[in-house]
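Survey of secondary and tertiary structure
Residue strings, one per chain:
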Amino acid sequence: MAARQAHNRGVMPTVALFVPCYVDQLYPQVAVATLRLLERHGCRVVFPPEQTCCGQPMANAGQAADAAPLARAFLDTFAGYDHVVAPSGSCVAMVRHQYPGLAPDHPALQQVRASTYELCEYLHDVLGVRRVEGRFAAKVGLHRSCHGQRELRLASGSERQVPPFDKVKTLLSTLEGITLVEPSRTDECCGFGGTFAATEEAVSCLMGKDRLDDHARAGAEVITGVDMSCLMHLDGLARRERRPVRILHVAEVLLGEAA
Amino acid sequence: MSAPSDAAVAAGAGAPPPVHHPGGRQAGPYPGHPAAAARFTADVARAHWHDESLWFVRVKRDRAAAQLPAWERLRELAEQIKAHALANLAGYLEEFERNATARGATVHWARDAADHNRIVHELLSARGVTRVVKSKSMLTEECGLNPYLEARGVEVVDTDLGERIVQFRGEPPSHIVLPAIHIKKEEIGALFHEKLGTAAGASDPKYLTEAARGHLREKFLAAQAGITGVNFAVADTGAVVVCTNEGNADMGTALPPLHIACMGLEKLVPRAEDLGVFLRLLARSATGQPVTTYSTHFLGPKPGGELHLVLVDNGRSALLARDPFRRALSCIRCGACMNTCPVFRRSGGYSYGTTVPGPIGSVLGPAQGPGAHATLPFASTLCGSCADVCPVRIDLHHQLLAWRRELVAGGHAPAGKTLALRVTAWIFASPWRFAAAGRLARAALRLLPRGLVARLSGAWGRQRELPAPPAESFRDLYRRTHGRP
Amino acid sequence: MAARDEILAALRRNAPAGPPHPALDGVAAAFPDLLAQFAQAVAAVGGTCLRVPDLAAADAALRALPIHAGARRVVSLVAGVGGATVDAAAVQDPHALADLDLSVLRADLAVAENGACWIEGPSLPHHALAVIPEHVAVVVDAAAVVPDLHAAYAALDLPGRPRWGLFLSGPSKTADIEQSLVIGAHGARSATVLLIG
Ligand code: SF4
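Scoring rules and cut-offs
- Residues numbered from 1 in each chain as written.
- Chains lettered and ligands numbered in written order.
- Predicted model: local features only at pLDDT ≥ 70, side-chain atom pairs only at ≥ 80, totals over all residues.
- Heavy atoms only, no water.
- Helix = DSSP H or I, 4+ residues; strand = E, 2+ residues; numbered from the N terminus.
- Rg over C-alpha atoms; globule rule 2.2 N^0.38 Å.
- Buried < 20%, exposed > 50% of the residue type's maximum accessible area, 1.4 Å probe, protein only.
- Contact = heavy atoms within 4.5 Å.
- Areas by Shrake-Rupley, 256 points an atom, 1.4 Å probe, with all protein chains shown as cover.
- Lys, Arg positive; Asp, Glu negative; His and termini not counted.
- Charge placed at Lys NZ, Arg CZ, Asp CG, Glu CD.
- Buried area = accessible area lost by both parts, 1.4 Å probe.
- Salt bridge = Lys/Arg side-chain N within 4 Å of Asp/Glu carboxyl O.
- Polar contact = N/O pair within 3.5 Å; in protein donor to acceptor, adjacent residues only side chain to side chain.
- Nonpolar A, V, L, I, M, F, W, Y, C, P; charged D, E, K, R; others polar.
- Pairing = 2+ DSSP bridges.
- Near = heavy atom within 4 Å.
- Axes fitted to C-alpha atoms, helices over the stretch in contact; angles between N-to-C directions.
- Domains from an automatic or database assignment.
- Parallel < 35°, antiparallel > 145°, perpendicular 65-115°, else oblique.
- Expected span 1.5 Å × (residues − 1).
- pLDDT = per-residue confidence, 0-100.

1. A short note on the overall build of chain A
From N to C terminus, chain A includes 13 helices and eight strands. By the compact-globule yardstick of 18 Å for 259 residues, chain A fits well, its C-alpha radius of gyration being 18 Å. Every one of the 259 residues in chain A was classed for burial, and the buried ones make up 66%. At a minimum sequence separation of 6, the contacts of chain A that also span at least 24 residues come to 77%. Carbon together with sulfur atoms contributes 53% to the accessible area of chain A, which is approximately 8,700 Å² in total. Seen as two clouds, the 27 positive and the 29 negative side-chain charges of chain A have centres 4 Å apart.

2. Section: the overall build of chain C
Secondary structure summary: chain C contains five helices and 11 strands in total. Reported as C-alpha extents along the three principal axes, the dimensions of chain C are approximately 65 × 45 × 40 Å. Within chain C, the proportion of its 197 residues that are buried is 58%. Contacts spanning at least 24 positions in sequence make up 73% of the contacts within chain C whose residues lie at least 6 apart. In the form shown here, chain C has an accessible surface area of approximately 7,300 Å², with 56% of it arising from carbon and sulfur atoms.

3. Some remarks on the interface of chain A and chain B
Chain A puts 67 residues into the contact, and the matching count from chain B is 77 residues. Regarding the contact of chain A and chain B, the summed buried area is about 6,300 Å², with carbon and sulfur atoms giving 58% of it. Three residues, Gln25, Gln161 and Arg240 of chain A, lead the burial of chain A against chain B; their summed loss comes to 12% of the area buried on that side. Summed over the shared surface of chain A and chain B, the number is 11 salt bridges. Residues Arg240 of chain A and Glu465 of chain B are paired through a salt bridge, measuring 2.7 Å at the closest nitrogen-oxygen approach. Joining chain A to chain B, the criterion identifies 37 residue pairs in polar contact (both at pLDDT 80 or more). Here the side of chain A that touches chain B takes nine residues from helix H11 (residues 201-218) of chain A, the largest share from any one element. Residues of the side of chain A that touches chain B, tallied by class, amount to 34 nonpolar, 17 polar and 16 charged.

4. Side note on the pairing of strand E10 (residues 306-312) of chain B
Residue and element names in this part refer to chain B. Within E10, six of the seven residues are buried, which leaves the element mostly enclosed by the surrounding structure. Strand direction decides the pairing type here: strand E1 (residues 106-110) and E10, joined by five bridges, are parallel. Each residue of the ladder has a partner; that of Trp109, found in E10, is Leu311. Pairing analysis gives seven bridges linking strand E7 (residues 258-264) to E10, with the strands arranged parallel. Opposite Met263, over in E10, you have Leu311 as the bridge partner.

5. With respect to the interface of chain C and chain B
Between chain C and chain B, the contact holds 71 residues from the first and 97 residues from the second. Counting the contacts that link chain C with chain B gives nine salt bridges. Among the ionic pairs, Glu6 of chain C bridges to Arg111 of chain B, the shortest N-O distance being 2.9 Å. At the surface where chain C touches chain B, the tally comes to 35 residue pairs in polar contact (both at pLDDT 80 or more). For the side of chain C that touches chain B, the secondary structure elements donating two or more residues are helix H1 (2-14), helix H5 (149-156), strand E8 (164-168) and strand E9 (173-174) of chain C. Each residue belonging to the side of chain C that touches chain B can be placed in one class, and the counts come to 39 nonpolar, 19 polar and 13 charged. Direction of pairing for strand E9 (residues 294-298) of chain B relative to E8 of chain C: antiparallel, over a ladder of five bridges.

6. Some details on the pattern of salt bridges
Overall, the coordinates contain 68 salt bridges over all chains when judged by the stated rule. Of the charged contacts, one joins Asp125 of chain A and Lys167 of chain A as a salt bridge, the two residues approaching to 2.7 Å between their closest N and O atoms. In this pair, Asp125 of chain A is assigned in helix H7 (residues 119-126) and Lys167 of chain A in helix H9 (residues 167-173), connecting sequence segments 42 residues apart. Using a relative accessible area of 13% as the deciding quantity, one classes Lys167 of chain A as buried. Arg12 of chain C is paired through a salt bridge with Glu94 of chain B; the nearest N and O atoms lie 2.8 Å apart. In this pair, Arg12 of chain C is assigned in helix H1 and Glu94 of chain B in helix H5 (residues 89-102), connecting two distinct chains. A single network of salt bridges, built from pairs that share partners, joins Arg185, Glu188, Asp210, Arg211, Asp214 and Arg217 of chain A together with Asp51, Glu52, Arg345 and Arg346 of chain B.

7. Considering the site of the ligand
Around the ligand, the neighbouring residues are Cys331, Ile332, Arg333, Cys334, Gly335, Cys337, Ile360, Cys390, Pro391, Val392, Ile394 and Leu396 of chain B. Across the shell around the ligand, the residue classes tally to 10 nonpolar, one polar and one charged.

8. Remarks on the environment of Met232 of chain A
Here Met232 of chain A lies in helix H12 (residues 228-240). Met232 of chain A sits 107 residues away from Asp125 of chain A along the chain, and the two C-alpha atoms are 27 Å apart. Excluding anything up to four places from it in sequence, Met232 of chain A contacts Leu26, Tyr27 and Phe192 of chain A together with Trp460 and Pro467 of chain B.

9. Quick word on the side chain of Ser103 of chain C
Residue and element names in this part refer to chain C. Looking at the secondary structure, you find Ser103 in strand E3 (residues 102-106). Here Ser103 falls in the buried class, since its relative accessible area comes to 0%. Among the polar contacts listed, one links the side chain of Ser103 to the backbone oxygen of Leu129, at a separation of 2.8 Å. If we ignore the near neighbours within four places in the chain, the residues touching Ser103 are Val75, Leu129, Pro133, His135, Val136 and Ala137.

10. Describing the sheet that holds E10 of chain B
Residue and element names in this part refer to chain B. Pairing is parallel in the open sheet, where six strands are placed in the order E1-E10-E7-E4-E2-E3. The strands lining the two open edges of the sheet, one partner per strand, are E1 and strand E3 (155-158). The sheet shows a mean angle of 20° between the axes of neighbouring strands, taken without regard to direction. Strand direction decides the pairing type here: strand E2 (residues 131-134) and strand E4 (residues 225-228), joined by three bridges, are parallel. For Val133, the partnering residue across the bridge sits in E4 and is Gly226.

11. Structural notes on the domain arrangement of chain A
Residue and element names in this part refer to chain A. As far as domains go, chain A holds domain 1 (2-126) and domain 2 (139-254). A C-alpha centroid distance of 22 Å is found between domain 1 and domain 2. Taking both sides of the interface into account, the surface hidden between domain 1 and domain 2 amounts to around 1,900 Å²; carbon and sulfur atoms contribute 69%. Area buried by domain 1 at its contact with domain 2 is led by Tyr27, Cys120 and His124, which between them contribute 25% of it.

12. Brief notes about the sheet that holds strand E7 (residues 222-225) of chain A
Residue and element names in this part refer to chain A. Taken together, four strands build an open sheet; the order of strands is E6-E5-E7-E8 and the sheet is parallel. The strands lining the two open edges of the sheet, one partner per strand, are strand E6 (179-181) and strand E8 (246-249). Strand after strand, the sheet turns through a mean of 35° between neighbouring axes, direction not considered. Pairing analysis gives four bridges linking E7 to E8, with the strands arranged parallel. Across the sheet, residue Thr224 finds its bridge partner in E8, namely Leu248.

13. Things to note about the arrangement of the chains
Contacts between protein chains span two pairs of chains, and they are most numerous for chains B and C. No part of chain A reaches chain C; the closest C-alpha pair between them is 14 Å apart.

14. Considering the packing of H11 of chain A against H12 of chain A
Residue and element names in this part refer to chain A. Relative to each other, H11 and H12 sit at 80°, their axes nearing to 9 Å. With respect to H12, the element H11 is oriented roughly perpendicular. Along the contact surface, H11 presents Ser204, Cys205, Gly208, Lys209, Arg211 and Leu212, while H12 presents His233, Leu234, Leu237 and Ala238. Per-class residue counts for the contact of H11 with H12 are five nonpolar, three polar and two charged.

15. Structural notes on helix H2 (residues 28-40) of chain A
Residues and elements named next belong to chain A. For H2, spanning 13 residues, the distance from its first C-alpha to its last is 18 Å, which sits close to the expected 18 Å at 1.5 Å a residue. Within the span of H2, buried status applies to Pro28, Val30, Ala31, Val32, Ala33, Thr34, Leu35, Leu37 and Leu38. Looking one or two residues beyond H2, the residue adopting positive phi is Gly42, at roughly 90°.

16. Overview of the confidence of the model for chain C
Taken residue by residue, chain C gives an average pLDDT of 94. The fraction at 70 or more is 97%. Interface confidence in the predicted complex, given as ipTM, is 0.97; pTM for the same model is 0.95.

Below, the structure is given as structure tokens:
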């Protein structure tokens, strides 16, 4: 097995890539973009093949007993790496906030929690990236997925009265040629919500269409975000109605226009 | 009408037969949140109108909050004061009772809704009261006071304009601060035409409000007693504070000699100085105003009058024992969590089937009996906006998640969904099974006709396309390009 | 008393551990010009704030307003302001105040942040005077304006106060019909604050 840590000071860290289960199966290009982006910023990236799912679907449905074995397996898989990075805010929120309740005695719990990051958070906070090299000439709307927004605090948010910040937007704004457009409701939920998307189909779809409309009014040609699950929902709605908008994960946008 | 039993009244048997209004409460048994919400959203234009109305209030809240540099500090203090008060509630209630009694008020204790209704009725009937005006009180809604009193020959007039509107329609409030937020002005115009004789087709809010003012002025002048809710009760003074914009609590208590104030036990704050924290937060959170127009402090009966305070438990002491749900007792009923909730805004207050709807209602509802309210904690995307607007920082979305765990553990979640996720978890438990299942599913998605896939994908596929499946998963691609690490 | 004892016992049995009562620090509002802020806050809640040097000027300012011109039945609890036509002290039953046009009240305290004026029991014989008239005018000394509600409660010493008191902030209002703001729900249709000095 490859080393889980960079041994010399000053050497870039070893990053274990966590690819959420549905990204692995349905959106491999997002995982590839994440991998490339991390490598481009000097990381040594490995993909531990034992990984499957962080357990979020079960945990958020209240099925703690079904989620716990997956949490333990995740901690086994990712123990000891310098950093674990995932192109998903909600999976990282799961590890950080729900694992203490699901695998309280796991020896790697605190170490893995402390070293697991959402991709943009990692670039911004850990690698200190303030400028992303690349070109993305389009009008882009950022969908601020709720778990990244309110569990990971990737941005200050519209509700709280704190000094404004927005890590994802900061990174996106440095791309050459990009025009960021803001919907009128800057961080409203898209209505995906895991099993909510199916059990509360009516409200879920109305919420999603409302987000698409808001972004369309702002002039977005592309909608991007940190969570492919929200984007899958928005993309599904947009394609059904043949809306002229492209939905891309933020890793794909940050990588710049494909050659 | 013959006097039905207390239990029948509590169940709504004394209420007039429900009439169906567009966007109004549906007749028949509560079908659970998904079905009730689907009915409300079926009228997309109306759902959007409802959403925009409440979003407008949310935006006003944001602006009001932004004016206070200490906003987040105030929220922290409010949270701590409430946590402190709840941890010492028995002692503070005794202190409150001592002080209120010393000032000439009479304190009554009610174990439950039946106690509460009986106490209020006895106070009224002992004084021969048959005409009562009432200002907003979610507690009396919770206890079903109106039908109880009406069944005993007492006329109860809700005097908050929004509450009067829903009372005319035979509905409960659909929102705790904006009781008639689900009703359009044209519908109110038609209602007032029928009930108050306003001009047919009139829908100007100013005109309709003026008509209600005249109508309710008569009721105020004729009332023999005023009932109010309580926003805050203060242990160190024995004061109760009632906040309104319309002035209806003041009108209702200033004229008749008898004032009955009904409050849940959790309304207590330790000291008068705490009010500064809560009054700065309450109206800003509720409507975006810097403070309500009337924040009235009752410190005893008026000369020659009586002040009765009815303290109601009705499940609150039991909830205090339950971690983490006890935090819901900190709620100051500002309604901000409803205004920000993307589900509430689109599904309407009646989709919750509870007296207090929305995020806080979905936490309180299951505590009263999980069976009937089992769908509520799942009626959320867990987006967390509610927790970030809540002026007392209740971690509402985490509470909803905690309820999901309790409901699943208690067998109250839909069996089909639970089983599906259990099987999925079993597949995920092995990287091999996961990879194999993924390959199978992707192949199926690619090979089956699109229409069939849409049908098989059920609730997902009715309005959404499934992702276009790639030929290769990332793990397969990675193994091919990188080999085993 | 059985219910009382049962409830208190249950609350004691179920009481969680809790934090101490927090010190209410770090929340005070500060305004460069307290009186300007107060006037602006009164306007923002739908009222009118008139700054006048003394009671005589207050009287003149009030008499110049349309709400006074049309007022026949006036109660004034501030000597020399508003020209009382009804002696509130002689009124036994507050129902007799039903057709009052104007009441002139005194506030002991006012809050710059939200435009609220503290009006309380001993200064007026009937609570109804604050809410029943068509229009209300409140006389308050500039020296009685405090920045925020924390300062207000500190100055009030509520435990020592009699019977009732209220913070009145602007005229009666409602937005219960489609969120359209309508001034004059049940209480006064206008609120004029006469700020003295
Ligand atoms: S839970 Fe919080 S936001 Fe919701 S009504 Fe209560 S106090 Fe307001």
